[in-house]
Structure formats: C-alpha cells, structure tokens
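# Report on the structure
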Amino acid sequence: MERMTDAQWRAFLVASPRTAKLATIRADGRPHIAPVWFALDGTDVMFNTGADTVKGRNLRRDPRVSLCVDDPADLYSYVAVDATVTITEDPAELLHWATVIGGRYMGAAHAEEFGARNGVPGELLVRATPTNVVGFTGISD
C-alpha cells in the first residue's frame, strides 16, 4: 500500500472524470451521500448543486463535508477529502464553473450547454476547501 503525495492525489482527481461521493450531515445528524461531478481549483473541489436539494440544504446548515473518489479500473486506489465548504450564488461564478464541470464530464462540445443549464438561479456553487486529504494506491499489494 502506498500513500499518495499531494501532487499524486491532485493528479488522481483530475486524471479522468470520475464522480465524487459527497457526504453531508442531515439536520437530525444522519449522514447523506450522493455523487457529484466536480473540478479542482488548486486544491479546492468545486461542484454545483440545487439550493433545494438535500445536499444544498445540508451544506447551508453545516459546512463540513467528506468526499471520496475511487478508480473503477483499480478498485484499490482512492482519494478521501475532508473539507469545509463555502457557497456562492454569484451568476458569473456559477456559469463559469458549471461550464468547466460540464466540459470535464460531457466534453468540450457540450460544455456551454451544461453551463447554461446549471449556472442559473436556484443553483449553488460549492467550494470545498480541504482540511485533510488521504489517498492510497496498491492497497491489495
């Protein structure tokens, strides 16, 4: 088993468009987990979600999250991120990041379409700033 360096976990997160599994905390303390598309801004994990979704409501109430990204081709490699989030509804930022994320997952030809669909009022732009990151490869070795 090998622990990833900072450069390795960042490279792992941007290597291919894998989903992150986002864990938030419900009002009654129960965990909620859902997949999200994301992009990196330095070491910050950027993603969009609807303001009225379970994720959106949880994030507004409690900024603590965990994300996990694994590799389906190598089931023994993953990166787990504990983070604190900040949220904005700024139209320019929403459109920019929705377009970046759309391009990452749907291809450049559909980036503008995705940005126009998800960079709108009622959507949130979430910046998850890591407080702790662990990544491992070769766990089964």
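Residues numbered from 1 in each chain as written. Predicted model: local features only at pLDDT ≥ 70, side-chain atom pairs only at ≥ 80, totals over all residues. Heavy atoms only, no water.

## With respect to the pattern of salt bridges
This structure, assessed with the given rule, holds seven salt bridges. Here aspartate 71 and arginine 18 are joined by a salt bridge, their closest N and O atoms 3.4 Å apart. Here arginine 18 lies in the loop between helix H1 (6-15) and strand E2 (20-25) and aspartate 71 lies in strand E6 (residues 64-71), a separation of 53 residues in the sequence. Exposure remark for aspartate 71: the relative accessible area of 15% places this residue in the buried category. A relative accessible area of 12% means that arginine 18 is categorised as buried. (Salt bridge = Lys/Arg side-chain N within 4 Å of Asp/Glu carboxyl O. Helix = DSSP H or I, 4+ residues; strand = E, 2+ residues; numbered from the N terminus. Buried < 20%, exposed > 50% of the residue type's maximum accessible area, 1.4 Å probe, protein only.)

## Quick notes on the layout of surface pockets
Here the largest pocket is characterised by a volume of approximately 210 Å³. Around the largest pocket, the lining comprises 13 residues; the ones closest to its centre are Val36, Trp37, Asn48, Thr49 and Phe114. Every element with two or more residues in the lining of the largest pocket is listed here: strand E3 (31-36), strand E5 (44-50) and helix H4 (108-118). Residue classes in the lining of the largest pocket are distributed as five nonpolar, five polar and three charged. (1 Å grid on protein atoms, 1.4 Å probe; cavity = no way out; pocket = protein on both sides within 12 Å on 5 of 7 lines; lining within 4 Å. Points joined across faces, edges and corners; volume = space filled by probe spheres on them. Nonpolar A, V, L, I, M, F, W, Y, C, P; charged D, E, K, R; others polar.)

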